[in-house]
Amino acid sequence: MARRYTSITLGEYPHQMVRLICSRCDRKGQYRKETLINQYGPDVTMPDLRHLIAKCPRHGKLGNTCGVRYGDLISRGG
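Residues numbered from 1 in each chain as written. Predicted model: local features only at pLDDT ≥ 70, side-chain atom pairs only at ≥ 80, totals over all residues. Heavy atoms only, no water.

1. Regarding the packing of aromatic side chains
- A full pass over the atoms with the stated rule returns 1 aromatic pair.
- Note on tyrosine 13 and tyrosine 70: the rings are 6.1 Å apart at their centroids and 50° apart in plane angle, and the pair reads as tilted. Of this pair, tyrosine 13 sits in the segment before strand E1 (17-22) while tyrosine 70 is found in strand E3 (residues 68-70), placing the two residues 57 residues apart along the sequence. Each member of the pair, tyrosine 13 together with tyrosine 70, is buried. (Phe/Tyr/Trp six-rings, centres within 6.5 Å; stacked < 30°, edge-to-face > 60°. Helix = DSSP H or I, 4+ residues; strand = E, 2+ residues; numbered from the N terminus. Buried < 20%, exposed > 50% of the residue type's maximum accessible area, 1.4 Å probe, protein only.)

2. Concerning helix H2 (residues 46-54)
- Burial in H2 covers these residues: Met46, Leu49, Arg50, His51, Ile53 and Ala54.
- In this structure, the buried residues of H2 make contact with E1, strand E2 (28-32), helix H1 (33-40) and E3.
- Backbone geometry just downstream of H2 places lysine 55 in the positive-phi region, at approximately 50°. (Contact = heavy atoms within 4.5 Å.)

Printed below as a string of structure tokens:
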């Protein structure tokens, strides 16, 4: 069966805690993967999930966009 998504889904996410940080407003939060799966399902893509959780008024705006990112998926190397 062909893969439907180009991004990983919540069900494929490698950690048990999902951590979000925003580079624009300094908001931070962490959520249990199991709880998010119960709420949004295992097939929600990670890019869609971050915006569902953040509910940021900047989402989709040009120039002053939302900066929410997954803290555990950010490269620490330079």
